[in-house]
Amino acid sequence: MIITIEEARNALRIDGDYNDDIIKPLIEAIPDYLYLTTGKDWEDESNPLAQTTAKFILQLWFDPQTQDSERLKRTIDGLLVSLTALGRSYNG
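Rules behind the numbers
- Residues numbered from 1 in each chain as written.
- Predicted model: local features only at pLDDT ≥ 70, side-chain atom pairs only at ≥ 80, totals over all residues.
- Heavy atoms only, no water.
- Helix = DSSP H or I, 4+ residues; strand = E, 2+ residues; numbered from the N terminus.
- Buried < 20%, exposed > 50% of the residue type's maximum accessible area, 1.4 Å probe, protein only.
- Contact = heavy atoms within 4.5 Å.
- Areas by Shrake-Rupley, 256 points an atom, 1.4 Å probe, with all protein chains shown as cover.
- Lys, Arg positive; Asp, Glu negative; His and termini not counted.
- Charge placed at Lys NZ, Arg CZ, Asp CG, Glu CD.
- Core = buried A, V, L, I, M, F, W, Y, C linked by side-chain atoms within 4.5 Å.
- Arc of directions from axis to C-beta.
- Axes fitted to C-alpha atoms, helices over the stretch in contact; angles between N-to-C directions.
- Parallel < 35°, antiparallel > 145°, perpendicular 65-115°, else oblique.
- Expected span 1.5 Å × (residues − 1).
- Bend = angle between axes of the 7 residues up to and from the residue.

S.K.: Give me the lowdown on the overall build of the chain, citing residues and values where you can.
M.R.: When helices and strands are tallied, the chain shows four helices and zero strands. For the chain, the α and β elements follow one another from N to C terminus as α-α-α-α. For the chain, the spread of C-alpha atoms along the three principal axes comes to 45 × 25 × 20 Å. Of all 92 residues assigned to the chain, the portion counted as buried reaches 37%. For the chain, long-range pairs separated by at least 24 residues make up 67% of all intrachain contacts whose partners lie at least 6 apart in sequence. Of the roughly 5800 Å² of accessible surface on the chain, 47% is carried by carbon and sulfur atoms. In the chain, 9 side chains carry a positive charge and 16 a negative one; their mean positions are 7 Å apart.

S.K.: I'd love a proper account of the nonpolar core, names of residues and values included.
M.R.: The biggest cluster of nonpolar side chains holds 21 residues, and the ones touching the most others in it are Ile2, Ile3, Ile23, Ile27, Ile30, Leu34 and Leu58. Within the residue set of this core, elements represented by two or more residues are helix H1 (5–12), helix H2 (20–38), helix H3 (48–62) and helix H4 (69–91). Ignoring any residue separated from it by four or fewer positions in sequence, one finds isoleucine 30 in contact with Ile2, Ala54, Ile57, Leu58 and Trp61.

S.K.: Describe H1, naming the residues involved and giving the relevant values.
M.R.: In an α-helix there are 3.6 residues to a turn, and that puts residues three or four apart on one side. The set of residues buried in H1 consists of Ile5, Ala8, Arg9, Ala11 and Leu12. For H1, the angular spread of buried residues about the axis comes to 160°, placing them on one side. Once H1 finishes, arginine 13 follows within two positions and takes phi at roughly 60°, a positive value.

S.K.: Tell me about the packing of H1 against H2, and please be specific about residues and values.
M.R.: Interaxial distance between H1 and H2 falls to 10 Å at its minimum, and their mutual angle equals 110°. Our classification of the angle between H1 and H2 gives roughly perpendicular. Here Ile5, Ala8, Arg9 and Leu12 of H1 come into contact with H2, specifically with Asp20, Ile23, Lys24 and Ile27.

S.K.: So what's going on with H2? Residues and values would help.
M.R.: For H2, built from 19 residues, the straight-helix expectation of 27 Å at 1.5 Å per residue is met to within 8% by its first-to-last C-alpha distance of 27 Å. Isoleucine 30 marks where H2 bends most, by close to 30°; the proline proline 31 follows one to four residues later. Every buried residue of H2 is listed here: Asp20, Ile23, Leu26, Ile27, Ile30, Pro31, Leu34 and Thr38.

S.K.: Describe the environment of aspartate 77, listing the residues and the values that go with them.
M.R.: Its location among the elements puts aspartate 77 in helix H4. Along the backbone, aspartate 77 and isoleucine 57 are 20 residues apart, and their C-alpha atoms lie at a distance of 9.9 Å.

Next up, the structure:
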């Protein structure tokens, strides 16, 4: 996983494990999403940009109706562009 359950709880500002049944599938889906959008597998690397992107994606997926959802989407889009470029530099 790109981020741990503890990192996910911290990003979501959640105490306790009562939402883990919702959070775990989301953090398990993030590596595939990043691979499909960037063309690179980020799961085996501890890349800070990939981890930050994963946390923003998690926030949006966990609460898509938040008042900040449009701002989160723009931030994620920018981070995905950067990750894609970074992935190309690793592969090229």
